[in-house]
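Okay, here's what each chain looks like letter by letter:
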Amino acid sequence: KITSLTALQVLDSRGNPTVEADLTLEGGATGRALVPAGASTGEKEAVELRDNDPMRYGGKGVLHAVVNVEGEIAKALLGQDLADQADLDHRLIALDGTPNKSRLGANAILAVSMAYARALAAANGKPLYRQLTDQTSYVLPVPCLNVLNGGRHADNNVDFQEFMIASHNAPSFSESIRMSVETFHALKALLKQKGYYTGVGDEGGFAPNLKSNEEAVELLLEAIGHAGFRPGHDISLCLDPAASELYEAGEAGQPGRYRLFKSTGQCYTSEQFNELWVSWVNQYPIVLLEDGMGENDWPGWQLHTKSLGSKIELVGDDIFCTNPAILQAGIDQHIANSVLIKLNQIGTVTETLDTVHLAQRNHYNQFVSHRSGETEDTFVADLTVAIGAGHLKTGSGSRSERIAKFNQLLRIERELGSAGHFAGIKAFKNQ
Ligand code: PGA
Ligand code: ZN
């Protein structure tokens, strides 16, 4: 039974309002959760309720979502006999009554769902990952550090959103983090040496203006070498170009185009854009490519999966939106071989786990992710370990809202001791 439920408008890492929920169970166990927010969001994501009052926070306030938690949601839940997480989440979904959580807000609903998971963990005296799935041993993930930011996450001329390094040839999570952060520092020194800007973007990676998108990859490879590691052997690359942001739908039945609007303005057909990725994969040690094609270009995604789906991991983010129904359609149409997992794209812990289980049954990998607007909440660290996803992306070597997740994983690693196993290169599909 829930005995108290409150919410508060707090701030995310971009200084935008977000929802925090605090929940107490009968017996006194408590749970707190904060929800993150994306910038390059998928069109079919659950709806984040914003106040749209231009006089406050540029319309981004979440006071209505807070009122929904403390009003309607609290009224429906307080004192009720709740069987488990799924029971709570199904009640929240039914109470909202819309397919995309637009009435009460996915931000209101998810805050309650996550806070409940934490309170259950506290009541059972378990760490959160064990509350989510109780196992005798766990997999610790390869952290994919987004060390160079572009696209919507940075005010530079780089078109592609995320250039990540994955230190997979390590004996442990903590050694992998060390290798990655040493490379992050080597990259900073390299950028300085070349006279490039070393300020960081939304996810804590550097955001320099570059001569080309290819130069971003070449700088990463050089930095890996400078840090004393072998590209491809010790540390490989993962990319999220967030292609939905580059895609322009065609008019009146015409095919759409991909446009590099931040740099050259060059346009690509779907086939040409896929060829670009094929040539990058042939040229560079890339083991994972997320959103290489746009969410509204399913034929392009099919072609892309045919070309690269048996070579590397292809992750669907915007196209699947952590939604089990959409993922099922993607599986049926042979799109991607991995799904990005973002709790707030779907809006409850239970539906997130439904998507994970659907992926597992169909041999799709799961890549767990933060959002570009984050908080100090570290739920995704525990979730990654709980589901055995083997890899996650949660920022770079700077900005404490990102580092908080790595620090939580370091704690989990120590706590698990010999019951925790580092995933290594096997975490990536086809490796
Ligand atoms: P977002 O971007 O959090 O801004 O949506 C992250 C991603 O595209 O993976
Ligand atoms: Zn993405």
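The model shown is predicted, which means the values in this text are computed figures rather than measured ones. (Residues numbered from 1 in each chain as written. Chains lettered and ligands numbered in written order. Predicted model: local features only at pLDDT ≥ 70, side-chain atom pairs only at ≥ 80, totals over all residues. Heavy atoms only, no water.)

## Thoughts on the sheet that holds strand β14 (residues 365-369)
Step number 1: Ordered by their spatial adjacency, eight strands build a closed barrel running β5-β6-β7-β11-β12-β13-β14-β15, and the pairing between neighbours is mixed. Going from strand to strand, the sheet's axes swing by 30 degrees on average, the running direction of each strand aside.
Step number 2: Bridging between strand β13 (residues 338-341) and β14 involves four bridges; their strand directions are parallel. Within the sheet, the bridge partner assigned to isoleucine 341 lies in β14 and is valine 368.
Step number 3: Those strands touched by helix α12 (residues 379-387) are β13, β14 and β15 (391-393), and its axis lies near 165 degrees from that of β14. (Pairing = 2+ DSSP bridges. Helix = DSSP H or I, 4+ residues; strand = E, 2+ residues; numbered from the N terminus. Axes fitted to C-alpha atoms, helices over the stretch in contact; angles between N-to-C directions. Contact = heavy atoms within 4.5 Å.)

## Examining the site of ligand 1
Step number 1: Around ligand 1 lies a shell of 15 residues, among which Ala39, His153, Arg371, Ser372 and Lys393 are the nearest.
Step number 2: A distance of 3.0 Å separates an oxygen atom of ligand 1 from a polar backbone atom of serine 40.
Step number 3: Contact between ligand 1 and aspartate 317: an oxygen atom at 3.0 Å from a side-chain N or O atom of the residue.
Step number 4: A total of 280 Å² of accessible area belongs to ligand 1 in isolation, and the protein chains cover 100% of it.
Step number 5: Classifying every residue of the shell around ligand 1 gives two nonpolar, six polar and seven charged. (Near = heavy atom within 4 Å. Polar contact = N/O pair within 3.5 Å; in protein donor to acceptor, adjacent residues only side chain to side chain. Areas by Shrake-Rupley, 256 points an atom, 1.4 Å probe, with all protein chains shown as cover. Nonpolar A, V, L, I, M, F, W, Y, C, P; charged D, E, K, R; others polar.)

## Regarding the coordination of the zinc ion (ligand 2)
Step number 1: Note on the zinc ion (ligand 2): its protein donors are Asp240 (OD), Glu290 (OE) and Asp317 (OD). The metal-donor distances range over 2.0 to 2.2 Å.
Step number 2: Positions of the donor residues of the zinc ion (ligand 2), expressed as sequence spacing, correspond to D-x49-E-x26-D. Highlighted residues: glutamate 290 in strand β11 (residues 286-290) and aspartate 317 in the loop between β12 (313-316) and α9 (324-332), separated in sequence by 27 residues.
Step number 3: Using a relative accessible area of 0% as the deciding quantity, one classes glutamate 290 as buried. (Donors = N, O, S within 2.8 Å, 3.2 Å for Na, K, Ca; no water. Buried < 20%, exposed > 50% of the residue type's maximum accessible area, 1.4 Å probe, protein only.)

## Considering the packing of helix α5 (residues 173-193) against helix α6 (residues 213-226)
The geometry of a pair of packed helices is captured by two quantities: the angle between their axes and the separation between those axes.
Step number 1: Here α5 crosses α6 at 115 degrees, and the two axes come no closer than 8 Å. Viewed along their axes, α5 and α6 form a crossing whose handedness is right-handed. Touching Thr183, Ala186, Leu187, Leu190 and Leu191 of α5 are Leu219, Leu220, Glu222, Ala223, Ile224 and His226, all from α6.
Step number 2: Per-class residue counts for the contact of α5 with α6 are eight nonpolar, two polar and one charged. (Left-handed = near helix turned anticlockwise from the far one by under 90°.)

## Digging into the sheet that holds strand β2 (residues 17-25)
Step number 1: Reading across the sheet, the three strands line up as β1-β2-β3 and stay open at both edges, with antiparallel pairing between neighbours. The sheet is open, and its two borders are formed by β1 (2-11) and β3 (30-34), each paired with just one other strand. Sheet twist, expressed as the mean angle between neighbouring strand axes with direction ignored, is 15 degrees.
Step number 2: One ladder, built from five bridges, connects β2 with β3; its direction is antiparallel.

## Observations concerning unusual backbone geometry
Step number 1: A positive phi angle, near 50 degrees, is found at tyrosine 57, a position not held by glycine.
Step number 2: For tyrosine 57, the location among the structural elements is in the loop between β3 and α1 (63-77).
Step number 3: Relative accessible area serves as the criterion here: at 43%, tyrosine 57 is assigned to the partly exposed category.
Step number 4: A positive phi angle, near 55 degrees, is found at threonine 322, a position not held by glycine.
Step number 5: Inspection of the secondary structure assignment puts threonine 322 in the loop between β12 and α9.

## So, the nonpolar core
Step number 1: If you look at the biggest cluster of nonpolar residues, it comprises 132 residues, and the most contacted ones within it are Ile73, Phe163, Phe273, Trp277 and Trp280.
Step number 2: Here the element with the most residues in this core is helix α3 (residues 106-124); it accounts for eleven residues.
Step number 3: Apart from the residues lying within four places of it in its own chain, the contact partners of phenylalanine 273 are Phe160, Ala243, Leu246, Tyr258, Leu260, Tyr268, Gly292 and Met293. (Core = buried A, V, L, I, M, F, W, Y, C linked by side-chain atoms within 4.5 Å.)

## As for the UniProt feature "binding site: (2R)-2-phosphoglycerate" (unreviewed entry) in the chain
Step number 1: Here the UniProt feature "binding site: (2R)-2-phosphoglycerate" (unreviewed entry) sits at Gln161, Lys342, Arg371, Ser372 and Lys393.
Step number 2: Look at arginine 371 and you get buried, because its relative accessible area is 3%.
Step number 3: Dropping the residues within four chain positions of it, arginine 371 is found in contact with Pro36, Ala37, Gly38, Ser40, Thr41, Glu45, Glu203, Lys342, Asn344, Gln345 and Arg402.
Step number 4: Among the polar contacts made by the side chain of arginine 371, one reaches the side chain of asparagine 344 at a distance of 2.9 Å.
Step number 5: Positionally, serine 372 belongs in the loop between β14 and α12. (UniProt positions renumbered as here; feature names shortened; annotations may be inferred.)

## Points about the packing of aromatic side chains
Step number 1: Applying the stated criterion across every chain yields a total of eleven aromatic pairs.
Step number 2: Residues phenylalanine 160 and tryptophan 280 carry aromatic rings whose centres are separated by 5.6 Å and whose planes lie at 75 degrees to one another, so their mutual orientation is edge-to-face. Taken as a pair, phenylalanine 160 in the loop between β5 (142-149) and β6 (162-167) and tryptophan 280 in helix α7 (residues 270-283) lie far apart in primary sequence, 120 residues in all. Neither residue differs from the other here; phenylalanine 160 and tryptophan 280 are each classed as buried.
Step number 3: By the ring-pair criterion, three or more aromatic residues cluster together here, those being Phe160, Tyr247, Tyr258, Tyr268, Phe273, Trp277, Trp280 and Tyr284. (Phe/Tyr/Trp six-rings, centres within 6.5 Å; stacked < 30°, edge-to-face > 60°.)

## A few points about the environment of tryptophan 301
Step number 1: Counting through the fold element by element, tryptophan 301 comes out in helix α8 (residues 298-308).
Step number 2: Among the residues examined, tryptophan 301 registers a relative accessible area of 0% and is labelled buried.
Step number 3: From its side chain, tryptophan 301 meets the backbone oxygen of methionine 293 in a polar contact 3.1 Å long.

## Re the UniProt feature "domain: Enolase C-terminal TIM barrel" (unreviewed entry) in the chain
Step number 1: Using the residue numbers shown here, the UniProt feature "domain: Enolase C-terminal TIM barrel" (unreviewed entry) corresponds to residues 137-430.
Step number 2: Secondary structure content for residues 137-430 is 38% helix and 18% strand, and the end C-alpha separation is 24 Å.

## Details of α8
Step number 1: For α8, every residue scored as buried is listed here: Gly300, Trp301, His304, Thr305 and Leu308. One side of α8 holds all its buried residues, which, seen down the axis, span an arc of 135 degrees. Turned more than 90 degrees off the buried face of α8, the exposed positions are Pro299 and Lys306.
Step number 2: Looking at the buried side of α8, the elements it contacts are α7, β11 and β12. (Arc of directions from axis to C-beta.)

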